[in-house]
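Chain by chain, the residues run as shown.
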Amino acid sequence: MYAQGLIGADGETKESGEFLAAFQKRIDAEEKIEPNDPMPEGYRKTLVRQIGQHAHSEIVGMLPEGNWITRAPTLRRKAALLAKVQDEGGHGLYLYAAAETLGVTREQMTEELLSGKAKYSSIFNYPTPTWADIGTIGWLVDGAAIMNQIALCRCSYGPYARAMIRICKEESFHQRQGYEIVMTLAKGSPEQKELAQDSLNRWWWPSLMMFGPSDRDSVHSEQSMAWKIKRFSNDELRDKFINATVPQAEYLGLKVPDPDLKWNEEKGGYDHGEIDWDEFWRVVKGHGKMNRDRIAARKKAWDDGAWVREAALAHAEKRRNRQDAARHAAE
Ligand SMILES: [Fe+2]
Ligand SMILES: [Fe+2]
């Protein structure tokens, strides 16, 4: 079974009890762990997988929205969407750089993505057939990402936590630009409102799935919580997201497509209907509508960029040789 969403941990450890206890003591004292600090192999591997998966999600996430840049309805919308998609590329870069501090290379991570070994968030395996989807993605998908990422700003691994602080600031712009698109449609003509409702119908459940399996089926969670990589469980974050988003849908006059959604006075939050976990696992395992297209697009980008990587390496080497020659001449 894989861990999905942006969450997961490896429990395997070979280190001495003493070493692990000393490490845990640092974690419990809320000390940040930095790249050259001693750390359990399981901690390192968990972060490599999680940060790599997160980076891949940012980059693959550019595809469904990039699809609409040339068709954005106004210049203002086009400029905002372009900026948003570029931000996501930047997020991917910070995160690849954070993962590289743990001893993996970006090439290795990319190979794992292209071979299917590394996962990315399944939400990007759903198509974006209408303009309303661009609004809904900002509102719901970036909104769900924020719930996850705010908690990650306090992650015990320093480089990851610091990358998250900047990313979260940009995500809140993404969420608002999406909400504004949906608001414009929801307050527009009956056809526009219908477009917004149809999009909410398609994205609501996949957005809830972004938080990963239910706590009762989440294999990696406990160790990640103990290491303070994760601060909240999948279900806790999902509930926070639902509680924040349902009033936004009501404000828009849109209907959340869950007949079992009900305010629960006692817990001060919403109860929701059962998530279709069969669909979740189907998409995770590669059978979503867009899995094949997304990987094909990434593979093409990687292949098309080969000459740029080669040219940059050749340039770096030439410069190094020139500097060496100049140094020798000066000696
Ligand atoms: Fe992002
Ligand atoms: Fe975003």
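Heads up: the structure comes first, above all this text.
A brief look at the structure comes next. Everything quoted here is computed from the prediction, not taken from an experiment.

**A word on the pattern of salt bridges**
When the charged atoms of two side chains with opposite charge come close together, those side chains can pair.
Moving on, step 1. Overall, the coordinates contain 21 salt bridges when judged by the stated rule.
Moving on, step 2. The residue E31 makes a salt bridge to R26 at a minimum N-O spacing of 2.7 Å.
Moving on, step 3. According to the relative accessible area criterion, R26 is partly exposed, its value standing at 23%.
Moving on, step 4. A single network of salt bridges, built from pairs that share partners, joins E65, K84, E88 and D142.

**Here's the deal with the packing of helix α6 (residues 132-152) against helix α7 (residues 158-186)**
Moving on, step 1. Interhelical geometry of α6 versus α7 gives an angle of 150 degrees and a closest axis separation of 7 Å. In terms of their interaxial angle, α6 and α7 are classed as roughly antiparallel. Here the hand of the crossing between α6 and α7 comes out left-handed.
Moving on, step 2. Among the residues making up the contact of α6 with α7, the classes are represented as 15 nonpolar, 10 polar and 2 charged.

**Digging into unusual backbone geometry**
Only a minority of non-glycine residues have a phi that is not negative, and only a minority of peptide bonds are not trans.
Moving on, step 1. Its identity is not glycine, yet E30 carries a phi of approximately 65 degrees, on the positive side.
Moving on, step 2. You can see E30 is positioned in the loop between α1 (17-28) and α2 (41-60).
Moving on, step 3. With a relative accessible area of 41%, E30 lands in the partly exposed category.
Moving on, step 4. One non-glycine residue with positive phi stands out, namely K228, at about 55 degrees.
Moving on, step 5. Structurally, K228 can be placed in the loop between α9 (221-226) and α10 (234-252).

**Observations concerning the environment of A163**
Moving on, step 1. By the element assignment, A163 lies in helix α7.
Moving on, step 2. Judged by its relative accessible area of 10%, A163 falls in the buried class.
Moving on, step 3. Considered as a pair, A163 and A97 are 66 residues apart in the sequence and their alpha carbons are 9.3 Å apart.

**Some thoughts on the packing of helix α5 (residues 106-115) against helix α12 (residues 291-304)**
Moving on, step 1. Contact pair α5 / α12: the axes reach a minimum separation of 10 Å and the direction vectors enclose 145 degrees. Crossing of α5 against α12: the hand is left-handed. Contacts from E107, T110, L113 and L114 of α5 reach α12 at I295, R298, K299 and W302.
Moving on, step 2. Tallied by class, the residues present in the contact of α5 with α12 amount to 4 nonpolar, 1 polar and 3 charged.

**Observations concerning the coordination of the iron ion (ligand 1)**
Moving on, step 1. Every protein donor of the iron ion (ligand 1) is listed here as E58 (OE), E88 (OE), H91 (ND1) and E171 (OE), and their distances to the metal cover 2.0 to 2.2 Å.
Moving on, step 2. Binding-site remark: the iron ion (ligand 1) is held by donors from one chain whose sequence spacing is E-x29-E-x2-H-x79-E.
Moving on, step 3. Here the iron ion (ligand 1) and the iron ion (ligand 2) are spaced 3.4 Å apart, with E88 acting as a shared donor. With E88 in helix α4 (residues 75-100) and E171 in helix α7, this pair connects stretches of sequence that are 83 residues apart. Summarising the burial analysis for this pair, E88 and E171 share the class buried.

**Thoughts on the coordination of the iron ion (ligand 2)**
Moving on, step 1. Here the iron ion (ligand 2) is held by the protein donor atoms E88 (OE), D142 (OD), E171 (OE) and H174 (ND1), which lie 1.9 to 2.2 Å from it.
Moving on, step 2. Coordination geometry of the iron ion (ligand 2): the 4 donor atoms subtend angles of 90 to 159 degrees at the metal centre, consistent with an arrangement described as irregular.
Moving on, step 3. Counting along the primary sequence, the residues that act as donors to the iron ion (ligand 2) give the motif E-x53-D-x28-E-x2-H.

**Observations concerning the packing of aromatic side chains**
In this description, an aromatic ring pair is defined by two values, namely the gap between the centres and the angle between the planes.
Moving on, step 1. The tally for this structure, following the rule as stated, stands at 10 aromatic pairs.
Moving on, step 2. Judged by centre distance (4.9 Å) and plane angle (70 degrees), the rings of F23 and Y43 are edge-to-face. Remark: Y43 occurs in helix α2 and F23 occurs in helix α1; sequence separation between them is 20 residues.
Moving on, step 3. Ring geometry for W263 and Y270: centres 5.0 Å apart, planes at 80 degrees, overall edge-to-face.
Moving on, step 4. Through successive ring pairs, a cluster of aromatic residues spans F23, Y43 and W227.
Moving on, step 5. Geometry around F232 places K240 over its ring, the cationic atom sitting 4.5 Å from the centre.

**Quick look at empty space enclosed by the protein**
Rolling a probe over the atoms, with the probe sized like a water molecule, indicates the empty space that remains.
Moving on, step 1. Scanning the model with the defined rule gives 4 cavities of 30 Å³ or more in all.
Moving on, step 2. Forming the boundary of the largest cavity are 16 residues, of which S57, E58, F124, V141 and A145 lie nearest the centre.
Moving on, step 3. Put simply, the parts of the chain that give the lining of the largest cavity at least two residues each are α2, α4 and α6.
Moving on, step 4. When residues of the lining of the largest cavity are assigned to their parent elements, the largest contribution, 4 residues, is made by α6.
Moving on, step 5. In the lining of the largest cavity, the residues fall into 5 nonpolar, 5 polar and 6 charged.

Criteria and thresholds
Residues numbered from 1 in each chain as written. Chains lettered and ligands numbered in written order. Predicted model: local features only at pLDDT ≥ 70, side-chain atom pairs only at ≥ 80, totals over all residues. Heavy atoms only, no water. Salt bridge = Lys/Arg side-chain N within 4 Å of Asp/Glu carboxyl O. Buried < 20%, exposed > 50% of the residue type's maximum accessible area, 1.4 Å probe, protein only. Axes fitted to C-alpha atoms, helices over the stretch in contact; angles between N-to-C directions. Helix = DSSP H or I, 4+ residues; strand = E, 2+ residues; numbered from the N terminus. Parallel < 35°, antiparallel > 145°, perpendicular 65-115°, else oblique. Left-handed = near helix turned anticlockwise from the far one by under 90°. Nonpolar A, V, L, I, M, F, W, Y, C, P; charged D, E, K, R; others polar. Contact = heavy atoms within 4.5 Å. Donors = N, O, S within 2.8 Å, 3.2 Å for Na, K, Ca; no water. Tetrahedral: all angles 85-135°; square planar, octahedral: opposite > 155°, others 65-115°. Phe/Tyr/Trp six-rings, centres within 6.5 Å; stacked < 30°, edge-to-face > 60°. Lys NZ or Arg CZ within 6 Å of the ring centre and 35° of its normal. 1 Å grid on protein atoms, 1.4 Å probe; cavity = no way out; pocket = protein on both sides within 12 Å on 5 of 7 lines; lining within 4 Å. Points joined across faces, edges and corners; volume = space filled by probe spheres on them.

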